[in-house]
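# Commentary on secondary and tertiary structure
Below, each chain spelled out in residue letters.
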Amino acid sequence: MPADPQRQFAIEIVNRLVEEGYEAYWAGGCVRDFLLGDKPKDYDVATNALPLDIRRIFGQRKTLAVGESFGVIVVLGPSKEAGMIEVATFRSDGNYLDGRHPESIEFCSAQEDAKRRDYTINGMFFDPRNNQVLDYVGGQEDLKAGRIRAIGNPVERMTEDKLRMLRAVRFTARFGFDLDEQTAQGIRRMASEIEVVSRERISQELRLILAHPNRMLAVQLLESLQLLFPIFPVLESLWKPEVAEVIHQMLLAQQSDSFELAMAILLSVVIENETNSEAVLNQFCRDLKLSNSEIETIHWLLIHRHALKDANRLPLHQLKPLLINPNCELLLEWMHIAAKVQNSKSTDVDFCREYLNKTSKETLAPPPLVTGQDLIQAGLKPGPDFANLLKRVRNAQLDEQIATREEGLTLIGLSEND
């Protein structure tokens, strides 16, 4: 098996720093993943070399001082495959005034650095030169026990960065671990303070949580830790036990990694029960700082959640635009999930898939037979009736009742010579 270029680059960085007389180790999540036997998605290096030393060793042109005030220097790899690696100086943090950033930092030892991190499984170091784990916080023991536990006092850790409450949910669900009870109590105590975290950071965590196969476990954790309603206030008045159970089962049955589908499933209780629900959900998604694309997909799924019911009886001019929509596959998945949860047959899904398999894209979405320009050339003046006339022709075309421009014009009382 060929060597992983980023892993090799991370080893080379450690070697170079040690050759220059410094301590250097892999740090954080990459150590956790390595010990679990998973391939780290990226590598971080921690060292007692100061930021200026790091830039001197690797060169100004090969380094970026993106987090120098926090002791973090990015070292650029020799290739695109090697990527870039954050090299951070061991540090201890002063008081956190904004629930995210320390007021001050002090450079320190590896042991002190470990104690400022969030969870024990993320607080270990690894020396790739000697194949040795440096664990000052009990991370190996918690990893073996399948436990997520805050380093030190949980309330202090959460106070430093309140997003850590949501990260606890993500790690616990992602790995299928247990959440340490003292840590859970600390999160419940502070749950309402998640609201001070920026919406952008919350939505970043939600994307990771809801795109993961263990999304149902994560939502149950959000409930038990009293985080669900501070994050999803639109659900609070509607979240009854029987509703929650259906949502849980749907999230469990979801096979794709679609964040948008999981969000639509969660928010479906609003569209089913809330007056003015479209406006409420649109505002909620915008407040959460979701992208326009995400909002459009979630909205489309919610609005069309029942649109393919009795699909075999739908007029083709209604069926075809739904099937050709880029989000149709997610809608069909949702319909399949709903049928499974309700213990019913997914007849509509089967019909739609069969129709899609035997129907060309040209048949599903053919070029319009008649355009606005055709109506103008026929002597009509642009106005409100244009849209109705064009829609009438388009529907007849999709219903496969007409196949030529002349037939389209004739349908609305015009002809080629008009």
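The paragraphs below set out a description of the structure included in this document. (Residues numbered from 1 in each chain as written. Predicted model: local features only at pLDDT ≥ 70, side-chain atom pairs only at ≥ 80, totals over all residues. Heavy atoms only, no water.)

## Here's the deal with the pairing of strand E4 (residues 72–76)
Note the threshold: Relative accessibility under 20% of the residue-type maximum defines a buried residue, over 50% an exposed one, and the middle range a partly exposed one, all with a 1.4 Å probe and only protein chains included. We count a stretch as a helix when DSSP gives it H or I for four or more residues in a row; a strand needs E for two or more, and each element gets its number in order from the N terminus. Should DSSP find at least two bridges between two strands, the strands are taken to pair.
For E4, the buried fraction is high: 4 of the 5 residues fall into the buried class. Bridge analysis of strand E3 (residues 63–67) against E4 gives 3 bridges, and the strand direction is antiparallel. When the bridges of E4 are listed, leucine 64 appears paired with valine 74. Hairpin connection between E3 and E4: a loop of 4 residues separates the two successive antiparallel strands, and glycine 71 in this loop has a positive phi of roughly 80°. Pairing between E4 and strand E5 (residues 84–89): 5 bridges, direction antiparallel. The residue of E5 that forms the bridge with leucine 76 is methionine 84.

## What about the layout of surface pockets?
Over the atoms, a rolled probe matching the size of one water molecule traces out where space is still vacant. What counts is decided by this rule: Within this scheme a cavity is a closed region of a 1 Å grid, computed over the protein atoms alone, that accommodates a 1.4 Å probe without allowing it to escape, whereas a pocket is open but has protein on both sides within 12 Å along at least five of seven lines; lining residues each have an atom within 4 Å of a point. Grid points are joined across faces, edges and corners, and a volume is the space filled by probe spheres set on the points. Residue classes follow a fixed rule: Ala, Val, Leu, Ile, Met, Phe, Trp, Tyr, Cys and Pro count as nonpolar, while Asp, Glu, Lys and Arg count as charged, and any other residue, Gly among them, counts as polar.
In this structure, the largest pocket occupies an estimated 1,600 Å³ of space. Taken together, 50 residues form the lining of the largest pocket, with Asp44, Glu86, Arg117, Asp118 and Arg167 sitting closest to its centre. Secondary-structure elements contributing two or more residues to the lining of the largest pocket are helix H2 (29–36), strand E2 (44–47), E3, E5, strand E6 (91–93), helix H7 (164–175), helix H9 (199–210) and helix H10 (215–224). Considering each element in turn, the lining of the largest pocket owes the most residues, 7 residues, to H7. Here the lining of the largest pocket is built from residues that sort into 21 nonpolar, 8 polar and 21 charged. Computed from the structure, the second largest pocket encloses a volume of approximately 590 Å³.

## Examining the pattern of salt bridges
Operational definition: The salt bridge definition used is simple: a Lys or Arg side-chain nitrogen within 4 Å of an Asp or Glu carboxyl oxygen.
This structure, assessed with the given rule, holds 22 salt bridges. For aspartate 113, the salt bridge identified is with arginine 116, shortest N-O distance 3.2 Å. By the burial criterion, aspartate 113 is buried, and arginine 116 matches it. The residue lysine 320 makes a salt bridge to glutamate 400 at a minimum N-O spacing of 2.9 Å. Of this pair, lysine 320 sits in helix H16 (residues 316–324) while glutamate 400 sits in the loop between helix H21 (384–398) and helix H22 (405–411); the two residues are 80 residues apart in sequence, bridging distant segments of the chain. Several salt bridges converge on common partners, so that one network encompasses Glu141, Asp142, Arg147 and Arg149.

## A short note on the pairing of E5
In terms of strand pairing, E2 meets E5 through 4 bridges, oriented parallel. Its bridge partner being in E5, aspartate 44 is matched across the sheet by glutamate 86.

## Things to note about the nonpolar core
To keep things clear, this is the line we draw: What is meant by a nonpolar core is a set of buried Ala, Val, Leu, Ile, Met, Phe, Trp, Tyr and Cys residues, joined one to another through side-chain atoms within 4.5 Å. By definition in these notes, contact holds between two residues if any of their heavy atoms fall within 4.5 Å.
In this structure, Trp26, Leu227, Phe232, Leu235, Met263, Leu267 and Leu308 are the most contacted members of the largest nonpolar core, which totals 109 residues. Sort the elements by how many residues they give to this core and helix H13 (residues 259–273) lands first, with 11 residues. For leucine 267, the residues in contact, after removing those within four places along its chain, are Phe232, Val234, Leu235, Leu281, Phe284, Cys285, Ile298 and Leu302.

## Some remarks on the packing of aromatic side chains
Here is the rule: Aromatic pairs are defined between Phe, Tyr and Trp rings, using the six-membered ring for Trp, whenever the two ring centres lie within 6.5 Å; interplanar angles under 30 degrees are classed as stacked, those over 60 as edge-to-face, and all others as tilted. Look at NZ for Lys and CZ for Arg. If either is within 6 Å of the ring centre and within 35 degrees of the ring normal, a charge sits over the ring.
Considering all chains together, one arrives at 11 aromatic pairs under this definition. Ring plane angle 40° and centroid distance 5.6 Å describe the contact between tryptophan 26 and phenylalanine 126, whose orientation is recorded as tilted. A residue pair is termed long-range when its members are at least 10 positions apart, and tryptophan 26 in strand E1 (residues 24–27) and phenylalanine 126 in strand E8 (residues 125–127) qualify at 100 residues. Side by side, tryptophan 26 and phenylalanine 126 carry an identical accessibility label, which is buried. Here the aromatic rings of phenylalanine 90 and phenylalanine 125 are separated by 5.8 Å at their centres, their planes lie at 70°, and the arrangement is edge-to-face. Within this pair, whereas phenylalanine 90 is found in the loop between E5 and E6, its partner phenylalanine 125 is found in strand E8, the two being separated by 35 residues in sequence. In this structure, phenylalanine 90 and phenylalanine 125 share a single accessibility class: buried. Members of the aromatic cluster, joined through ring pairs, are Trp26, Phe34, Tyr43 and Phe126. Directly above the aromatic system of phenylalanine 259 lies the positively charged group of arginine 207, at a separation of 5.9 Å from the ring centroid.

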